[in-house]
Amino acid sequence: MNILDYMGAYDYEQVVFCRDAGVGLRAIIAIHDTTLGPALGGIRMWPYATEEEALTDVLRLARAMTYKSAAAGLHLGGGKAVIMGDPQRDRNEALFLSFGRFVESLGGRYITTEDVGVTVRDLEWVSQETSHVTGLPIEAGSSGDPSPATAFGVYNGIRACCQEVYGTDSLKGLRIALQGVGKVGYHLAQHLREAGAMLTVADINEAAARRVKEELGIPVVPARDIYDVDCDIFSPCALGGVIHDETIPRLKAKIVAGAANNQLLEGRHGDELARRGILYAPDYVINGGGVINLALELTPAGYDEELAHSRLEGIYDTIQRVIARAKKEAISTARAADLQAEERIAAARRIKRLYLE
Ligand code: NAD
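Residues numbered from 1 in each chain as written. Predicted model: local features only at pLDDT ≥ 70, side-chain atom pairs only at ≥ 80, totals over all residues. Heavy atoms only, no water.

**Considerations on the site of the ligand**
In the vicinity of the ligand, 23 residues are found, and the nearest of them are Arg 44, Thr 150, Asp 203, Ala 238 and Asn 261. Ala 259 places a polar main-chain atom, nitrogen or oxygen, 3.2 Å from an oxygen atom of the ligand. Separating an oxygen atom of the ligand from a side-chain N or O atom of Asn 261 is a distance of 2.7 Å. Looking at the shell around the ligand, the elements with two or more residues in it are α6 (147–166) and α7 (183–194). Taken together, the residues of the shell around the ligand break down into ten nonpolar, eight polar and five charged. (Near = heavy atom within 4 Å. Polar contact = N/O pair within 3.5 Å; in protein donor to acceptor, adjacent residues only side chain to side chain. Helix = DSSP H or I, 4+ residues; strand = E, 2+ residues; numbered from the N terminus. Nonpolar A, V, L, I, M, F, W, Y, C, P; charged D, E, K, R; others polar.)

Here it is, written out as structure tokens:
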């Protein structure tokens, strides 16, 4: 990849390669845009096969964070970090301490938190070396693991989609195929089941699938079969890139709405869903609950659970606004969300320039 050209094409500000041989750290921090505020985004720890794969992932994820914070009305920019390694095998204190020092070196331009493969405990290690961390344990006065907030936000977004497609936001009796029952998917399954939905789940991790089967009594199908499940809503809550030319024709659902980041393999797949009459809840809008929750930590008043709850309920309205714009302009919901986020950033960019002059 010609990195600077790629950065130019999508307007990235900064990419930092971090290496600490002593502890085996190989990480990349990408800062996409800080127009609206410091770049916030989690650390993903994953056994990437190649450096290029890790770089592609961190760049895509950082940009999605810019859009996510902009869509949620937050004063935050977009960034992300990846640590190359197997979270089961390579996680250790020294690695995260070292990573924390790299975060500190950015002087607050990048604020970190958790993502796939990283836990609150890892963040506690990071916080030994930098104060630019959110999502620390609740006992530390922080908002804790963002996954329950993300799940609650997704649940509200799904209800908004149902209101549009079925004329009611009750989920009673609706059939939902849920892909991935990890940190977010598990909590989402609980909300959906409580609301009376009929779930089918799949997870490549047998223990995660068994947990929902045993604890929540939800049927499990093999991971490869989840796209073929006869359902009203398909909810991707595993990894990104799952909506593409091969999977779209297999979907039976009228709604695609889930927590995973970067669900569309390419932008055109959002248009294809719209063309087929499938309502897509743009991923970074519906899964913004975690960052909405974290952002409250950064306010002068600090984290407030009640306020967080009402802001997360607000994802319902945000999704409705995106749908309304898509209908008005006869574009896909994915494009409508992008336009809304881009317009907010463009407006802030103008204000910032005036202020600085
Ligand atoms: P997680 O690692 O806890 O859970 C992901 C689950 O998906 C795991 O159980 C994994 O085994 C499973 N999985 C992976 N590939 C699969 C496949 N092909 N088929 C079925 N299952 C598969 O991660 P998480 O925190 O629950 O996040 C899930 C998704 O939501 C990710 O894309 C993440 O980036 C996104 N997200 C998470 C948050 C958050 O607050 N944690 C916020 C916004 C977005």
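**Some remarks on the packing of aromatic side chains**
Within the structure shown, the criterion is met by six aromatic pairs. Relative to Phe 234, the ring of Tyr 227 has its centre 5.5 Å away and its plane inclined at 35 degrees; by these criteria the two rings are tilted. With a relative accessible area of 1%, Phe 234 lands in the buried category. Cation over ring: Arg 211 sits above Tyr 186, and NZ or CZ is 3.6 Å from the ring centre. (Phe/Tyr/Trp six-rings, centres within 6.5 Å; stacked < 30°, edge-to-face > 60°. Buried < 20%, exposed > 50% of the residue type's maximum accessible area, 1.4 Å probe, protein only. Lys NZ or Arg CZ within 6 Å of the ring centre and 35° of its normal.)

**A closer look at the sheet that holds strand β6 (residues 175–179)**
On the basis of which strands lie adjacent, the open sheet formed by five strands has the order β7-β6-β8-β9-β10 and parallel pairing. A strand with exactly one partner marks an edge of an open sheet, and here the two such strands are β7 (198–202) and β10 (279–280). Taken together, the two bridges between strand β8 (residues 233–236) and strand β9 (residues 255–256) define a ladder with parallel strand orientation. Note that in β9 the partner of Phe 234 across the bridge is Val 256. (Pairing = 2+ DSSP bridges.)

**Observations regarding the pattern of salt bridges**
By the definition in use, this model includes 23 salt bridges. Here Arg 250 ties to Asp 228 by a salt bridge, and the two come within 2.8 Å at their closest N and O atoms. With a gap of 22 residues between them, Arg 250 in the loop between β8 and β9 and Asp 228 in the loop between α8 (206–216) and β8 connect regions that are remote in the sequence. Judged by relative accessible area, which is 28%, Arg 250 ranks as partly exposed. By relative accessible area, which is 33% here, Asp 228 ends up partly exposed. (Salt bridge = Lys/Arg side-chain N within 4 Å of Asp/Glu carboxyl O.)

**Quick notes on the sheet that holds strand β1 (residues 14–20)**
Taken in spatial order, the five strands of this open sheet run β1-β2-β4-β3-β5, and their pairing is mixed. If you trace the sheet from one side to the other, it starts and ends with β1 and β5 (110–114), each paired once. Averaged over neighbouring strand pairs, the angle between their axes works out to 20 degrees when direction is ignored. Pairing of strand β3 (residues 39–46) with β5, which is carried by five bridges, proceeds in the parallel orientation. (Axes fitted to C-alpha atoms, helices over the stretch in contact; angles between N-to-C directions.)

**Focus: the state of the cysteines**
Taken as a whole and judged by the stated rule, the model has zero disulfides. Not engaged in a disulfide, the cysteine Cys 161 finds its nearest cysteine sulfur in Cys 162; these two sulfurs lie 6.8 Å apart. Judged by relative accessible area, Cys 161 falls into the buried class, the value being 0%. Cysteine Cys 237 shares no disulfide, and the gap to the nearest cysteine sulfur, in Cys 161, comes to 13 Å. (Disulfide = S-S within 2.5 Å.)

**Examining α6**
A rise of 1.5 Å per residue sets the reference length of α6, with its 20 residues, at 28 Å; its end C-alpha atoms lie 28 Å apart and thus fit the reference within 8%. With 14 of its 20 residues buried, α6 lies for the most part within the structure. Of the residues one or two after α6, Gly 167 is the one with positive phi, at around 75 degrees. (Expected span 1.5 Å × (residues − 1).)

**Some remarks on the domain arrangement of the chain**
Once the domains are mapped, the chain shows domain 1 (3–64 + 75–133) and domain 2 (147–288 + 316–342). Relative to domain 2, the C-alpha centre of domain 1 lies at a distance of 26 Å. Every contact between the two is made by eleven residues of domain 1 and, on the other side, seven residues of domain 2. Taken together, both faces of the contact between domain 1 and domain 2 bury some 690 Å²; the carbon and sulfur share is 43%. (Domains from an automatic or database assignment. Contact = heavy atoms within 4.5 Å. Buried area = accessible area lost by both parts, 1.4 Å probe.)

**Comments concerning the packing of helix α11 (residues 289–297) against helix α12 (residues 305–313)**
Relative orientation of the contacting elements α11 and α12 amounts to 150 degrees, with a least axis distance of 10 Å. What the angle tells us is that α11 and α12 run roughly antiparallel. In this structure, the crossing between α11 and α12 has a hand that is right-handed. In this structure, α11 contributes Gly 289, Ile 292, Asn 293 and Leu 296 to the contact, and α12 contributes Leu 307, Ala 308, Arg 311 and Leu 312. In the contact of α11 with α12, the residues fall into five nonpolar, two polar and one charged. (Parallel < 35°, antiparallel > 145°, perpendicular 65-115°, else oblique. Left-handed = near helix turned anticlockwise from the far one by under 90°.)

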